[in-house]
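Chain residues, written in single-letter form:
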Amino acid sequence: MTGKQWYYAQLRWAVMVEGKQGLRAWKEAVHIFLSEDEQSAFQQALEIGRLGETSTPKVGGRWRPDWQRL
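Criteria and thresholds
- Residues numbered from 1 in each chain as written.
- Predicted model: local features only at pLDDT ≥ 70, side-chain atom pairs only at ≥ 80, totals over all residues.
- Heavy atoms only, no water.
- Helix = DSSP H or I, 4+ residues; strand = E, 2+ residues; numbered from the N terminus.
- Expected span 1.5 Å × (residues − 1).
- Buried < 20%, exposed > 50% of the residue type's maximum accessible area, 1.4 Å probe, protein only.
- Arc of directions from axis to C-beta.
- Contact = heavy atoms within 4.5 Å.
- Polar contact = N/O pair within 3.5 Å; in protein donor to acceptor, adjacent residues only side chain to side chain.
- Phe/Tyr/Trp six-rings, centres within 6.5 Å; stacked < 30°, edge-to-face > 60°.
- Lys NZ or Arg CZ within 6 Å of the ring centre and 35° of its normal.

Draft legend 1. Molecular detail of helix α1 (residues 38-51). The end-to-end C-alpha distance of α1, which contains 14 residues, comes to 20 Å, matching closely the 20 Å that a straight helix rising 1.5 Å per residue would cover. Along α1, the positions that sit buried rather than exposed are A41, A45, L46 and G49. For α1, the angular spread of the buried residues around the axis is 140°, confining them to a single face. Along α1, the residues that are exposed and aim more than 90 degrees away from the buried face are Q39 and L51. Those residues of α1 that are buried are in contact with β1 (5-17) and β2 (25-35). Of the residues flanking the start of α1, the one acting as N-cap is D37, its side-chain oxygen 3.3 Å from the backbone nitrogen of Q39.

Draft legend 2. Inspection of the packing of aromatic side chains at higher detail. Tallying each qualifying case throughout the model produces zero aromatic pairs. We note R12 situated over the ring of W26; from NZ or CZ to the ring centre the distance is 4.8 Å.

Structure, rendered in structure tokens:
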């Protein structure tokens, strides 16, 4: 099959604070994108998810390691 098809990825990131137990929150997003095939779409969804990962080491001048991971 040639050409691209539409794919849908529902992503969820866990928000945690280092040194504390449990989740602080969930962040979710839906992405719709074009890709060549299912394997390429899966890799593309992982890349989108990794780009959404963050860390915020300082909040208001205080050290507070806050992580958002896929």
